[in-house]
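Examination of the molecular architecture
Chain residues, written in single-letter form:
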Number of protein chains: 2
Amino acid sequence: MRIAVFGTGTVGQALAARLDELGNEVTIGTRDVDASRARAAAGGSSAESFGAWLLGRPSIRLATYADAAATSEIVVNATSGQVALAALGSAGRENLVGKILIDISNPLDFSAGFPPSLFVKDTDSLGEQIQAAFPDTFVVKTLNTLAAELMVRPAQLASGQHTVFVSGNDAAAKRTVTGILKQFGHTDVIDLGDISTCRGTEMYLALWVRTMGALGAELFNIKVVRKEQHDSRLLAGLADLTSAALD
Amino acid sequence: MRIAVFGTGTVGQALAARLDELGNEVTIGTRDVDASRARAAAGGSSAESFGAWLLGRPSIRLATYADAAATSEIVVNATSGQVALAALGSAGRENLVGKILIDISNPLDFSAGFPPSLFVKDTDSLGEQIQAAFPDTFVVKTLNTLAAELMVRPAQLASGQHTVFVSGNDAAAKRTVTGILKQFGHTDVIDLGDISTCRGTEMYLALWVRTMGALGAELFNIKVVRKEQHDSRLLAGLADLTSAALD
């Protein structure tokens with residue numbers, strides 16, 4: 001497939017490289033093509049500069065957001081949450097109409113340092129804001145609950161025996177995205193429901209950052225451990241959660 | 001040990017029964033002892049009334065919050081989040097001084113229906129509010145991430161191979177609570193750090209309720225899957241999370 005990856009950071013690089021390796025035609029979208037190519041190494045977990053990284057991957061094209069979106073069937077948003085809406089806006093609504101948008105971004109606010117807070121949460125989410133801004137695009141939120149290397153190579157941890165989630169309004173789009181996740185090596189994909197359910201995965205980041213702090217490692221993920229056979233006890237679960245006792 | 005359990009709902013009953021079974025002297029604390037005894041079955045997952053439930057457990061005492069706290073070494077807060085501070089206030093600060101308070105409550109707000117929102121989150125938490133209100137008490141937040149039956153009998157799911165978290169400012173208090181969790185059957189207890197880290201487990205509830213909806217079951221929990229040996233890559237993890245790409 002022709003896939004655009006928005007974002008030149010660690011997550012964008014990991015996604016672009018893996019999708020390229022799996023035989024897709026990958027275009028990385030960025031704001032300023034020349035600036036991205038020239039950018040020096042920014043540190044972090046990425047040892048080389050984006051320009052050097054890209055030179056080593058001649059099959060990956062670099063283009064503006066609009067060009068990348070226009071020439072692709074699927075767009076992956078791997079920008080930082082703070083700039084996600086602006087980046088997608090630069091791509092142009094017309095270039096996203098009818099396409100699947102895989103949204104990996106998290107609404108993290110580091111303005112007060114670490115740990116980050118969330119700039120949208122609880123009664124709204126970044127996934128919903130993106131869906132609302134692009135109503136004719138099929139937004140599927142996924143992969144935002146784990147580190148970049150685990151997003152694309154889950155089998156390196158416990159043979160991939162851990163969980164990822166998808167949230168989105170369109171069942172066919174979620175099936176397509178689930179297929180890509182399985183190509184990556186994910187074995188357990190839970191469909192949480194419509195796009196509003198990504199409030200859950202975005203808010204989970206608050207636990208993710210603290211678990212990372214406690215473990216001193218990023219290569220972890222959660223596995224949703226459950227019984228093989230489920231009975232429908234939604235109401236019972238609800239009663240448990242509210243603790244029932246109001247006295 | 002002498003342990004007070006605040007709350008007569010599903011969570012309070014589960015905790016009280018299990019702690020009693022393990023040989024502790026358990027007192028359930030409630031606002032109005034006579035009203036609690038007389039209360040009819042409220043439905044939910046609890047088939048019998050609290051009064052009938054209590055009659056079947058003669059070794060468990062029922063008392064006011066203040067009486068229960070005064071006569072116990074450890075207090076478990078299993079009230080609903082909305083009334084937690086009021087219930088603890090009724091107990092009296094003097095009756096909680098120097099004691100461990102195991103806080104299981106979640107700041108769930110069901111005023112707009114299901115799924116609930118959180119009435120405190122992100123830059124504060126209910127656990128922190130309780131610790132601030134009772135500065136001479138050792139608050140340990142735990143067990144708030146799973147259904148009542150799994151809190152006290154984790155081995156019924158995957159032989160207990162899943163994770164619970166503790167957050168609290170006092171290392172000795174967390175060790176004592178971890179000991180109780182292991183008596184329950186928990187095999188993997190992650191110490192997230194000080195009480196502010198319970199922002200993570202409280203916000204996880206947003207994912208819990210949606211996972212429960214997707215599975216149609218409450219008997220699930222997350223296992224934090226990680227490598228046996230960790231390297232300290234906090235900064236690398238942070239870089240991944242922010243997605244690095246700001247263009």
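It should be noted that the structure appears before, not after, this text.
In this text, all values refer to a predicted model and were calculated from it rather than measured experimentally.

Calculation rules
Residues numbered from 1 in each chain as written. Chains lettered and ligands numbered in written order. Predicted model: local features only at pLDDT ≥ 70, side-chain atom pairs only at ≥ 80, totals over all residues. Heavy atoms only, no water. Pairing = 2+ DSSP bridges. Helix = DSSP H or I, 4+ residues; strand = E, 2+ residues; numbered from the N terminus. Axes fitted to C-alpha atoms, helices over the stretch in contact; angles between N-to-C directions. Contact = heavy atoms within 4.5 Å. Buried < 20%, exposed > 50% of the residue type's maximum accessible area, 1.4 Å probe, protein only. Salt bridge = Lys/Arg side-chain N within 4 Å of Asp/Glu carboxyl O. Arc of directions from axis to C-beta. Phe/Tyr/Trp six-rings, centres within 6.5 Å; stacked < 30°, edge-to-face > 60°. Expected span 1.5 Å × (residues − 1). Polar contact = N/O pair within 3.5 Å; in protein donor to acceptor, adjacent residues only side chain to side chain.

1. What about the sheet that holds strand S4 (residues 74-77) of chain A?
All names here are of chain A. Reading across the sheet, the eight strands line up as S3-S2-S1-S4-S5-S8-S9-S10 and stay open at both edges, with mixed pairing between neighbours. This sheet does not close on itself; its edge strands, each paired only once, are strand S3 (61-64) and strand S10 (188-193). Between one strand axis and the next, the sheet turns by 25 degrees as a mean value, whatever way the strands run. Of the pairings in the sheet, the one linking strand S8 (residues 138-142) to strand S9 (residues 163-168) comprises three bridges and is antiparallel in character. Bridging from a neighbouring strand, Lys-141 pairs with Ser-167 of S9. On the sheet, helix H6 (residues 126-133) packs against S4, strand S5 (100-103) and S8 and is oriented at approximately 165 degrees with respect to S8.

2. Quick word on the pairing of S5 of chain A
Residues and elements named next belong to chain A. Residues Ile-100 and Ile-102 of S5 are buried on one face, and the alternating residues Leu-101 and Asp-103, pointing to the opposite face, are buried as well. The pairing of S4 with S5 spans four bridges and is parallel. Bridge pairing links Ile-74 to Ile-100 in S5.

3. Focus on the pattern of salt bridges
Residues and elements named next belong to chain A. The tally for this structure, following the rule as stated, stands at 18 salt bridges over all chains. For Glu-21, the salt bridge identified is with Arg-18, shortest N-O distance 2.4 Å. Here Glu-21 pairs with Arg-18, and both are found in helix H1 (residues 10-21), just three residues apart, close to one helical turn. On the accessibility criterion, Glu-21 (44% relative accessible area) is partly exposed. Through salt bridges with shared partners, a single network forms among Arg-18, Glu-21 and Arg-153.

4. Here we look at helix H5 (residues 81-91) of chain A
Note on helix geometry: an α-helix contains 3.6 residues per turn, so any two residues three or four positions apart are oriented the same way. All names here are of chain A. Considered for burial, the residues of H5 that qualify are Gly-81, Val-83, Ala-84, Ala-87, Leu-88 and Ala-91. Mapping the buried residues of H5 onto a view down its axis gives an arc of 145 degrees, with all of them on the same face. Buried residues belonging to H5 abut strand S1 (2-6), helix H4 (65-70), S4, S5 and H6.

5. Regarding the packing of aromatic side chains
All names here are of chain A. Scanning the model with the defined rule gives six aromatic pairs over all chains in all. Relative to Phe-220, the ring of Trp-208 has its centre 5.2 Å away and its plane inclined at 25 degrees; by these criteria the two rings are stacked. With Trp-208 in helix H9 (residues 198-215) and Phe-220 in strand S11 (residues 220-226), this pair connects stretches of sequence that are twelve residues apart. Comparing Trp-208 with Phe-220 shows no difference in burial state: the two are buried.

6. A few points about H1 of chain A
All names here are of chain A. Between its first and last C-alpha, H1 extends 16 Å over twelve residues, near the 16 Å set by a 1.5 Å rise per residue. The element H1 is largely enclosed, with a buried count of nine among its twelve residues. Every buried residue of H1 is accounted for by Thr-10, Val-11, Gly-12, Gln-13, Ala-14, Leu-15, Ala-16, Arg-18 and Leu-19. Phi for Gly-23, located one or two positions after H1, is positive at around 95 degrees.

7. A look at the pairing of strand S8 (residues 138-142) of chain B
Residue and element names in this part refer to chain B. With four of its five residues buried, S8 lies for the most part within the structure. Pairing of strand S5 (residues 100-103) with S8, which is carried by four bridges, proceeds in the parallel orientation. Bridge pairing in S8 links Asp-103 to Lys-141.

8. Digging into the side chain of Asn-221 of chain B
Mapped onto the secondary structure, Asn-221 of chain B falls in strand S11 (residues 220-226). You can call Asn-221 of chain B buried: its relative accessible area is 0%. Polar contacts involving the side chain of Asn-221 of chain B include one to the main-chain carbonyl oxygen of Thr-163 of chain B, which spans 2.9 Å. With near-sequence residues (within four places) excluded, Asn-221 of chain B lies in contact with Lys-223, Val-224 and Val-225 of chain A together with Thr-145, Leu-146, Leu-150, Leu-157, His-162 and Thr-163 of chain B.

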